[in-house]
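For reference, the chains in residue letters:
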Amino acid sequence: MLRTEIFSGRHHWHVFGRDPDKLSHIIDTNQYLVRDQGVSFLLDPGGIETFSAMLPAVASCCDISEIKYLFASHQDPDIISSLGLWDKAVPHAKLYAPWLWEGFLKHFGCHNIEYVGIPDEGMTLDLPSVKLHFVPAHYLHSSGNFHVYDPVARVLMSGDIGAALEPAGAPMFVDDFGAHVPRMELFHRRWMPSNRAKNDWIARVRQLDIDIMAPQHGRLFRGDDVKRFLDWFEALEVGVTAQHAAAQAPAAAA
Amino acid sequence: MTYSSQREQQDFFARTATVVGHLEGVRQIANGISLAAANAKAVAARAGNQAAGFVPITNFIDEMGGETRHLVGRVNRDAQRMVREVLAEKRLGDSLERMRRGIERLDARSPYLDEIARQLTAEHAAARESTTRHLTNLCELLQTISDHARAARMMSTRSRVEATIAGDYQESLESVADTVDHAAQHIRDVVMKCQSLLREIN
Ligand SMILES: [Fe+2]
Ligand SMILES: [Fe+2]
């Protein structure tokens, strides 16, 4: 599991991903850790199959007992099916996750960790040197869905938004936005169900000052690529299957 | 009990499910025994003095039918609880395995994680012990059912002797004795099958 530090200040952001030992039939994921003066916060900790690689990767940058908070942007298995294992490893921790999914997420095993349901409008979490914001991203793609914004590091952890399906070993950052678009297109068209939710989210996120947009799959966006992504996403029609697209094609040609 | 492979695990679930299925059949047979006993009581009442010796026998068989039904209910509940326990044990074993694999890959030893692994190991061992204990209890309960069925067969033999002095009612009382005998034999066969299924797990 590779670890890259994406922000270093009074607190730190790390991304874990590109696990060379990952089973080939499971999707590659990015996990994030915010470390702030002896308090660590693990974001979208990953699937059960990722845990054995994540544990030593996380331990390489903080003491595991330091993990006080976990976050699940939504209920998908690639996001949080490791919950039952983290429940054993950090029984003292709290899990921040959409209120909507509490009864569902607990199927992964949550006997010790305290579940803190994030209300639909979002909330904040105080770390020693930064107040993090849980930003609503409902229906993108999950019906109860949040992202995490750090106004000091200017990082937006954007869950499945900005995700790309890539071969193993892809670089950590987008370096050519135009070349990256085809890797994201199918994912966003198919997994994102609602244009209305999409536009709502774009309006909300455009008000934030973002240096790095950090999705849960594929490469991260930085600098102007964040704005490029928002413009591209705004123009993209989502909630479209291949069948829809095929049915629309002759009409468009006519 | 060892559950080293997934196949063994699946095998266990298949066996337990088969046992639960068989026991459902035993419950129905036990219902049949109670019915036969009720029938015998009615015949004995009509026969009056001719079948006086028959009454305590039918009472005994009736009680035994009820007791068997009760035991089968208990065994079923226990078997279902055991399936849940085995699932929990499997989940713990899986967590422990994944935790150990992660710990093996640490750059430096973590006393914190060593302690977590130690606790998990103890929890897993306790779960395993409890499953084994429940399996033993289950086997004992099955043995009790089998003993009841054996006693019923002995009673049906006595019934036949009593039937010979029941005059006009001999035939119907013999038929009741046959019903009980067959049912009891059937229960013993099924219980033996269940016992051998469980023995192979143990
Ligand atoms: Fe997802
Ligand atoms: Fe995902």
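Described below are features of the structure shown in this document.

Quick notes on the rules
- Residues numbered from 1 in each chain as written.
- Chains lettered and ligands numbered in written order.
- Predicted model: local features only at pLDDT ≥ 70, side-chain atom pairs only at ≥ 80, totals over all residues.
- Heavy atoms only, no water.
- Donors = N, O, S within 2.8 Å, 3.2 Å for Na, K, Ca; no water.
- Tetrahedral: all angles 85-135°; square planar, octahedral: opposite > 155°, others 65-115°.
- Helix = DSSP H or I, 4+ residues; strand = E, 2+ residues; numbered from the N terminus.
- Buried < 20%, exposed > 50% of the residue type's maximum accessible area, 1.4 Å probe, protein only.
- Pairing = 2+ DSSP bridges.
- Right-handed = clockwise from strand over helix to strand, strands pointing away.
- Patch = residues over 30% accessible without salt bridge, like charges linked within 9 Å, V, L, I, M, F, W, Y side chains within 5 Å.
- Areas by Shrake-Rupley, 256 points an atom, 1.4 Å probe, with all protein chains shown as cover.
- Salt bridge = Lys/Arg side-chain N within 4 Å of Asp/Glu carboxyl O.

1. Remarks on the coordination of the iron ion (ligand 1)
Residue and element names in this part refer to chain A.
Turning to step 1, where the next piece is worked out: On the protein side, the iron ion (ligand 1) has His-74 (NE2), Asp-76 (OD), His-141 (NE2) and Asp-160 (OD) as donor atoms, found 2.0 to 2.2 Å from it.
Turning to step 2, where the next piece is worked out: Because the angles between the 4 donor atoms bound to the iron ion (ligand 1) fall within 87 to 170 degrees, the donor set is best described as irregular.
Turning to step 3, where the next piece is worked out: Considered as a linear motif, the donors of the iron ion (ligand 1) on their single chain read H-x1-D-x64-H-x18-D.
Turning to step 4, where the next piece is worked out: The distance between the iron ion (ligand 1) and the iron ion (ligand 2) is 3.5 Å, with Asp-160 acting as a donor to both metals. Highlighted residues: His-141 in the loop between β9 (130-136) and β10 (146-150) and Asp-160 in the loop between β11 (155-157) and α5 (177-191), separated in sequence by 19 residues. Like Asp-160, His-141 is buried.

2. Some details on the pairing of strand β4 (residues 39-43) of chain A
All names here are of chain A.
Turning to step 1, where the next piece is worked out: Within β4, 5 of the 5 residues are buried, which leaves the element mostly enclosed by the surrounding structure.
Turning to step 2, where the next piece is worked out: Side-chain alternation along β4 places Val-39, Phe-41 and Leu-43 on one buried face and Ser-40 and Leu-42 on a second face that is also buried.
Turning to step 3, where the next piece is worked out: Pairing analysis gives 5 bridges linking strand β3 (residues 31-36) to β4, with the strands arranged antiparallel. Bridge pairing in β4 places Tyr-32 opposite Leu-43.
Turning to step 4, where the next piece is worked out: Across 4 bridges, β4 lies against strand β5 (residues 67-71) in parallel orientation. Residue pairing in the sheet places Leu-42 in a bridge with Leu-70 of β5.
Turning to step 5, where the next piece is worked out: Following the chain from β4 across helix α1 (residues 51-59) to the adjacent parallel β5, one finds a crossover that is right-handed.

3. Observations regarding a nonpolar patch on the surface
All names here are of chain A.
Turning to step 1, where the next piece is worked out: There is a patch of nonpolar side chains on the surface, built from Ile-27, Leu-165, Leu-186 and Trp-191 and spanning about 370 Å² of accessible area.
Turning to step 2, where the next piece is worked out: Inspection of the secondary structure puts Ile-27 in the loop between β2 (12-17) and β3.
Turning to step 3, where the next piece is worked out: For Ile-27, a relative accessible area of 40% gives the class partly exposed.

4. Let's talk about unusual backbone geometry
Residues and elements named next belong to chain A.
Turning to step 1, where the next piece is worked out: Residue His-141 follows Leu-140 across a cis peptide bond; omega there is -5 degrees.
Turning to step 2, where the next piece is worked out: For Asp-44, which is not a glycine, the phi torsion comes out positive at approximately 40 degrees.
Turning to step 3, where the next piece is worked out: As for its placement among the helices and strands, Asp-44 is situated in the loop between β4 and α1.
Turning to step 4, where the next piece is worked out: You can call Asp-44 buried: its relative accessible area is 0%.

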